[in-house]
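# Close look at the chain arrangement
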Amino acid sequence: MRGAFRVVAPLFGPSSAVSSRLSPALAPFLPRNPPSPLRRLLSALPPMSDHSPAATPPSAAVSLLESSSFEKQFDDFRVQLEESGNVRERIRAVVMEVEAAVRVMHSSLLLVHHTAPNSEVLDKARAQIEVLKGVFHKLTDILRDSPGQYYRYHGDWRSETQTSVSLIAFLHWLETGNLLVHAEAEKKLGLDNSEFGLDIEDYLIGLCFMSNELPRYVVNQVTAGNYDCPRKVLMFLTDLHAAFRMLNLRNDFLRKKFDGMKYDLRRVEEVYYDVKIRGLGPGDSIPEQNTQA
Amino acid sequence: MLHVACGRRLLSFIMTTKTQHLHRIATIQGFGKKPRTLTTDDSPIRVEFAQHVDYLNHLNDKRERVVKASRDVTMNSKKVIFQVHRMSKENREETLAKAENDLAAVTNQYMSKLVKELHGTDFWKLRRSYTFAVQEYVEAATLFRFCKSGTLLNLAEINASLLPLTEESIEPLQINVLDYLLGLADLTGELMRLAIGRISDGEIEYAEKICQFVRDIYRELTLLVPIMDDNFEMKKKMETMLQSLVKIENACFSVHVRGSEYIPLLGSADPDYSFLGLADTE
């Protein structure tokens, strides 16, 4: 995510135009030479608006200059903020679509709780990934005009991203038994490491949300007769939890979610224990005749 | 402290030394408990997380440094503001000269540290960590400029003054519109104090100049606040700003009505009529 301050080029004329439109009082403050700091300065400068400075009643020449530059600054701010406001509105509209796609995928995935593993259910959920990819692509497109500002608007899509990660990671585990790594998750959502990527903290929080689904999954699978499930889930979740413990987390949302994972792990262990002592798992002894309720 | 089992695990850990070290730290943080695992230590999950450890450590360290630099900027900007408030009719020049030096020190010593840490996406990513400091800095710089020349220091001017702080190859820190406007809102509070102080000192015209200045700022900001990002804070500041403005206006009114006899009580918005009877002693 480089090139953070690439300027919105079409809005800016050559630097001489800039100096002449700013009040002369400001000219000495403009840097004289290199193009890149000047471009950076321009990115902070509000874009030159097309309307002329507001008419002010004639007074002393100096104060006229001052008051018009005073108002001009605010006029420029208004143009700038209206633009970023528009970007935000467009983003919010697309984020609602992301939410809808996420909900559909979540509801498809909920079916795995109802039966033993079944490829039809997974197919339906997998199909939603394409939809997700499409909406995230729309977000990328909107952001393309505002380079370097991913984190300015990040709050607007943060929780939807986290939920998306939890869903695709859960699906991936159901399909392969493995952890969906960050790079793959990024690819699945059609994102990449340039301007619009998958924030690592969002990815990690998404994994924590996925872990929250596992206790319920394991319970329902055992009820449906899938007795090998607890062992598989336990191995996976233990490993995941241990890996999370490698992280140096500070006291924030990610930390809270990680703390929740330990309770998920505990419940999965309990289910595993219940199944094991009753010899229900494959490879466990089958004392059907001997054990009575 | 480390269990022998942990020592063995370390030996079998085929990662880089750094990750081994981090693993040791993680184990110590677990108060010597062995991380529960049913798989080997070079499992793909561990491999994946090793990079995330680095990423988060790097990010958190940077955040720490930004917070520290921000604290310095905030404290020293406040000092500049206090210094400016010490200004009176007699010592105007010296006070302002000292304030100018202090402000330059804030820019060169403390803002420069912030500038170093914030470039690229970190500018927006870490904004919550430094925004308060930048607002304070804007407040100090604009207050000083107003006292010096009666004009508003533009965002462009502040950013121009920050450019020399960065080497050519690195993208320089530029204060964004939102932090500037938030700082401007705080400025009006200081201006209110300044105005009341000037009235006490008998500098009525100066106070009226401040009054007009704050009026202009307030008016311009009303158009911008609705379109600012996350404007909850700004909306609160606007309420405070209006109160400050009304205080200034009331003070100017009282002086205008009763002349320079009036010494207002700081913090009270109500005109004080207690001197009504004594107004003729001149």
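Residues numbered from 1 in each chain as written. Chains lettered and ligands numbered in written order. Predicted model: local features only at pLDDT ≥ 70, side-chain atom pairs only at ≥ 80, totals over all residues. Heavy atoms only, no water.

A count of helical and extended segments in chain A gives nine helices and zero strands. From first element to last, N terminus to C terminus, chain A shows the α and β order α-α-α-α-α-α-α-α-α. With 293 residues in all, chain A has 48% of them scored as buried. Counting contacts in chain A only where the partners sit at least 6 residues apart, residues at least 24 apart contribute 75% of the total. Accessible surface, chain A: about 14400 Å² in total, of which carbon and sulfur atoms supply 55%. (Helix = DSSP H or I, 4+ residues; strand = E, 2+ residues; numbered from the N terminus. Buried < 20%, exposed > 50% of the residue type's maximum accessible area, 1.4 Å probe, protein only. Contact = heavy atoms within 4.5 Å. Areas by Shrake-Rupley, 256 points an atom, 1.4 Å probe, with all protein chains shown as cover.)

We now examine the overall build of chain B. Scanning chain B for helices and strands turns up 10 helices and zero strands. Counting the 282 residues in chain B, one finds 54% classified as buried. Contacts in chain B between residues far apart in sequence, at least 24 positions, make up 70% of those at least 6 positions apart. As displayed, chain B has an accessible area near 13900 Å², and 56% of this comes from carbon and sulfur atoms.

Below, the discussion takes up the state of the cysteines. Considering all chains together, one arrives at zero disulfides over all chains under this definition. You can see A:Cys229 has no disulfide; the closest cysteine sulfur is in A:Cys208, sitting 20 Å from it. The buried category is assigned to A:Cys229, whose relative accessible area is 2%. The thiol of B:Cys252 is not disulfide-bonded; the next cysteine sulfur, from B:Cys211, is found 4.5 Å away. Residue B:Cys252 is classed as buried on the basis of its relative accessible area, which comes to 8%. (Disulfide = S-S within 2.5 Å.)

Residues and elements named next belong to chain A. Each assigned domain of chain A is listed here: domain 1 (91-194) and domain 2 (212-279). When each unit is reduced to the centre of its C-alpha atoms, the spacing between domain 1 and domain 2 is 22 Å. Residue-level contacts link 14 residues of domain 1 with 13 residues of domain 2. Carbon and sulfur atoms make up 69% of the area that domain 1 and domain 2 hide from each other, which totals about 1100 Å². Linking domain 1 with domain 2 are zero salt bridges. Counting across the domain 1 and domain 2 interface gives five residue pairs in polar contact (both at pLDDT 80 or more). Considering each element in turn, the side of domain 1 that touches domain 2 owes the most residues, four residues, to helix 5 (residues 150-176). Tallied by class, the residues present in the side of domain 1 that touches domain 2 amount to eight nonpolar, six polar and no charged. (Domains from an automatic or database assignment. Buried area = accessible area lost by both parts, 1.4 Å probe. Salt bridge = Lys/Arg side-chain N within 4 Å of Asp/Glu carboxyl O. Polar contact = N/O pair within 3.5 Å; in protein donor to acceptor, adjacent residues only side chain to side chain. Nonpolar A, V, L, I, M, F, W, Y, C, P; charged D, E, K, R; others polar.)

Turning our eyes to something else, we now look at the packing of helix 9 (residues 204-224) of chain B against helix 10 (residues 232-258) of chain B. Residues and elements named next belong to chain B. The geometry of helix 9 relative to helix 10 is characterised by a closest axis approach of 10 Å and an angle of 150° between their N-to-C directions. The pairing of helix 9 with helix 10 is recorded here as roughly antiparallel in orientation. Judged by the sense of rotation from one axis to the other, the crossing of helix 9 with helix 10 is left-handed. Between helix 9, through Ile204, Ala207, Glu208, Ile210, Cys211, Val214, Arg215, Tyr218, Leu221 and Thr222, and helix 10, the contact on the second element is made entirely by Met234, Met238, Met241, Leu242, Leu245, Ile248, Glu249, Cys252 and Val255. Here the residues of the contact of helix 9 with helix 10 are counted per class, giving 15 nonpolar, one polar and three charged. (Axes fitted to C-alpha atoms, helices over the stretch in contact; angles between N-to-C directions. Parallel < 35°, antiparallel > 145°, perpendicular 65-115°, else oblique. Left-handed = near helix turned anticlockwise from the far one by under 90°.)

Further remarks concern the packing of aromatic side chains. Aromatic ring pairs: the centre-centre distance and the angle between the two ring planes describe each pair. What the rule picks out here adds up to 17 aromatic pairs over all chains. Here the aromatic rings of A:Phe77 and B:Tyr180 are separated by 5.5 Å at their centres, their planes lie at 70°, and the arrangement is edge-to-face. Linking A:Phe77 in helix 3 (residues 61-109) with B:Tyr180 in helix 8 (residues 177-200), this pair reaches from one chain into another. Since its relative accessible area comes to 0%, A:Phe77 is described here as buried. Taking relative accessible area as the criterion, B:Tyr180 reaches 0% and is therefore assigned buried. (Phe/Tyr/Trp six-rings, centres within 6.5 Å; stacked < 30°, edge-to-face > 60°.)

Glancing now at the environment of B:Val134. Relative to the assigned elements, B:Val134 resides in helix 6 (residues 127-149). Between the C-alpha atom of B:Val134 and that of B:Ile175, which follows or precedes it by 41 residues, the distance is 7.5 Å.

All names here are of chain A. With 74% of its residues at a pLDDT of at least 70, chain A reaches an overall mean of 81. Helix 7 (residues 200-223) holds the highest mean pLDDT among the elements of chain A, 96, whereas helix 1 (residues 15-21) holds the lowest, 41. Note that residues 1-59 has pLDDT below 50 and, in this model, 97 contacts with residues that lie over four places away or in other chains. (pLDDT = per-residue confidence, 0-100.)

A word on the environment of A:Lys256. Position of A:Lys256 among the secondary structure elements: in helix 9 (residues 253-277). A C-alpha to C-alpha distance of 30 Å links A:Lys256 and A:Val275, two positions 19 residues apart in sequence.

Moving on, we come to the nonpolar core. Judged by nonpolar contacts, the single largest core of 150 residues is most densely connected at A:Leu240, A:Phe244, B:Phe49, B:Ile175, B:Tyr180 and B:Leu181. The element that contributes the greatest number of residues to this core is helix 8 of chain B, accounting for 14 residues. When residues are assigned to domains, this core turns out to be shared by domain 1 (91-194) and domain 2 (212-279) of chain A, each giving three or more. (Core = buried A, V, L, I, M, F, W, Y, C linked by side-chain atoms within 4.5 Å.)

Okay, the confidence of the model for chain B next. Model confidence for chain B is summarised by a mean pLDDT of 82, while 76% of its residues fall at 70 or above. For this predicted complex, the interface score ipTM comes out at 0.74, alongside a pTM of 0.75.

This part is about helix 7 of chain A. Residue and element names in this part refer to chain A. Taking 1.5 Å as the rise per residue, helix 7 with 24 residues should run 34 Å; its terminal C-alpha atoms sit 36 Å apart, in good agreement. By the criterion of burial, helix 7 is predominantly enclosed, with 17 of the 24 residues buried. For helix 7, the side-chain oxygen to backbone nitrogen distance between the N-cap and Glu201 is 3.2 Å, and the N-cap itself is Asp199. (Expected span 1.5 Å × (residues − 1).)

This next bit is on the packing of helix 8 of chain B against helix 10 of chain B. All names here are of chain B. Where helix 8 contacts helix 10, the axes come no closer than 9 Å and their chain directions differ by 20°. Taken as axis vectors, helix 8 and helix 10 run roughly parallel relative to one another. Considering how the two elements wind past one another, helix 8 and helix 10 form a crossing that is left-handed. The residues of helix 10 that touch helix 8, namely those facing Leu181, Leu182, Ala185, Asp186, Thr188, Gly189, Leu191, Met192, Ala195, Ile196 and Ile199, are Glu233, Met234, Lys237, Met241, Ser244, Lys247, Ile248, Ala251, Cys252 and Val255. Counted by class, the contact of helix 8 with helix 10 contains 14 nonpolar, three polar and four charged residues.

What follows deals with the side chain of B:Thr188. Residue and element names in this part refer to chain B. Topologically, Thr188 is positioned in helix 8. For Thr188, the side chain forms a polar contact with the main-chain oxygen of Ala185, separated by 2.5 Å. If we ignore the near neighbours within four places in the chain, the residues touching Thr188 are Val214, Ile217, Met241 and Ser244.

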